[in-house]
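Letter by letter, the chains look like this.
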Amino acid sequence: MFGADLDVKVPRNFRLLDELEKGERGLGDGCVSYGLMDDDTTLTYWTGTILGPLNSAFENRIYNLRIRCGSNYPESPPVVYFRTRIHLHCVDSHTGAVDPSRCAVLRGWTRQCTLETLLIELRREMTHPQNRRLQQPPEGSEFSAPSNAPSGR
């Protein structure tokens, strides 16, 4: 029938507004949250929070992240940095940058992925056998923001 094979692509800002609404209402997974940084009207700079999974070295910890959704989002994955110091195989131990080549969700990013998907998958990485028992930095320690990381402006 008419338009049955059309793949409608929602524009970036509409997509991000939908994600913002979902994040603000807390409609997703209760172990992750996300929202805009400093009322960013360009919908580019976001914050994320992950609650450490039970029965892991991350348990009882809260991890804060910076996320930048570029002009090609959701076609291209966001750039992600942990603010809270963490030892995780996909995270640069000096900058907190999540390495897309070592992070399954970023490596296999499709436009169907969302910020919530990203955070849930990063939390799942924490439960992976190679990460689950990694000794973590002292609680409350943070990475200093690299010059190209999303900041609080």
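Here the structure is a predicted model, which means the values were calculated and not measured.

Turning next to the sheet that holds strand β4 (residues 79–82). Ordered by their spatial adjacency, 4 strands build an open sheet running β1-β2-β3-β4, and the pairing between neighbours is antiparallel. Where the open sheet ends on each side, the last strands, each with one partner, are β1 (32–36) and β4. Each adjacent strand pair in this sheet contributes to an overall mean axis angle of 25°, direction not counted. Taken together, the 4 bridges between strand β3 (residues 62–68) and β4 define a ladder with antiparallel strand orientation. Among the inter-strand pairings, Ile67 is bridged to a residue of β4, identified as Val80. Most of the contacts of helix α1 (residues 12–25) go to β1, to which it runs at about 125°, and overall it touches β1 and β2 (45–51).

Glancing now at the pairing of β2. Burial along β2 is one-sided: the residues Trp46, Gly48 and Ile50 are buried and none of Tyr45, Thr47, Thr49 and Leu51 is. Inspection of the sheet shows β1 paired to β2 by 5 bridges, in the antiparallel sense. Looking across to β2, one finds that Gly35 is bridged to Thr47. Sheet topology note: the β2/β3 ladder contains 7 bridges and is antiparallel. Bridge pairing links Tyr45 to Arg68 in β3.

It is worth spelling out the nonpolar core at this point. Residues Ile50, Phe82, Ile86, Val98 and Leu122 are the most contacted members of the largest nonpolar core, which totals 31 residues. The set of elements that each furnish at least two residues to this core consists of α1, β1, β2, β3, β4, α2 (104–107) and α3 (115–126). The element best represented in this core is α3, accounting for 5 residues. Once residues within four sequence positions are removed from consideration, Leu122 is found in contact with Ile50, Leu65, Val80, Phe82, Cys90, Val98 and Cys103.

With respect to the helices and strands, Thr44 occurs in the loop between β1 and β2. Within the structure, Thr44 has its side chain in polar contact with the side chain of Thr42 (distance 2.9 Å). Among all residues touching Thr44, those that are not within four sequence positions of it are Arg12, Ile67, Arg68 and Cys69.

Moving on, we come to the environment of Phe143. Mapped onto the elements of the fold, Phe143 is located in the segment after α4 (129–132). Once the C-alpha coordinates of Phe143 and Cys90 are considered, the two residues, 53 residues apart in sequence, prove to be 15 Å apart.

Our focus in this paragraph is the pattern of salt bridges. Overall, the coordinates contain 6 salt bridges when judged by the stated rule. A salt bridge links Glu19 to Arg15, with the nearest nitrogen and oxygen atoms 2.9 Å apart. Placement of both Glu19 and Arg15 in helix α1 is noted, with a separation of 4 residues, approximately one turn of the helix. On the accessibility criterion, Glu19 (4% relative accessible area) is buried. Ionic pairing is found between Arg111 and Glu75, a salt bridge with its closest N-O pair at 2.4 Å. Of this pair, Arg111 sits in the loop between α2 and α3 while Glu75 sits in the loop between β3 and β4, and the two are 36 residues apart along the sequence.

About the cut-offs
- Residues numbered from 1 in each chain as written.
- Predicted model: local features only at pLDDT ≥ 70, side-chain atom pairs only at ≥ 80, totals over all residues.
- Heavy atoms only, no water.
- Pairing = 2+ DSSP bridges.
- Helix = DSSP H or I, 4+ residues; strand = E, 2+ residues; numbered from the N terminus.
- Axes fitted to C-alpha atoms, helices over the stretch in contact; angles between N-to-C directions.
- Contact = heavy atoms within 4.5 Å.
- Buried < 20%, exposed > 50% of the residue type's maximum accessible area, 1.4 Å probe, protein only.
- Core = buried A, V, L, I, M, F, W, Y, C linked by side-chain atoms within 4.5 Å.
- Polar contact = N/O pair within 3.5 Å; in protein donor to acceptor, adjacent residues only side chain to side chain.
- Salt bridge = Lys/Arg side-chain N within 4 Å of Asp/Glu carboxyl O.

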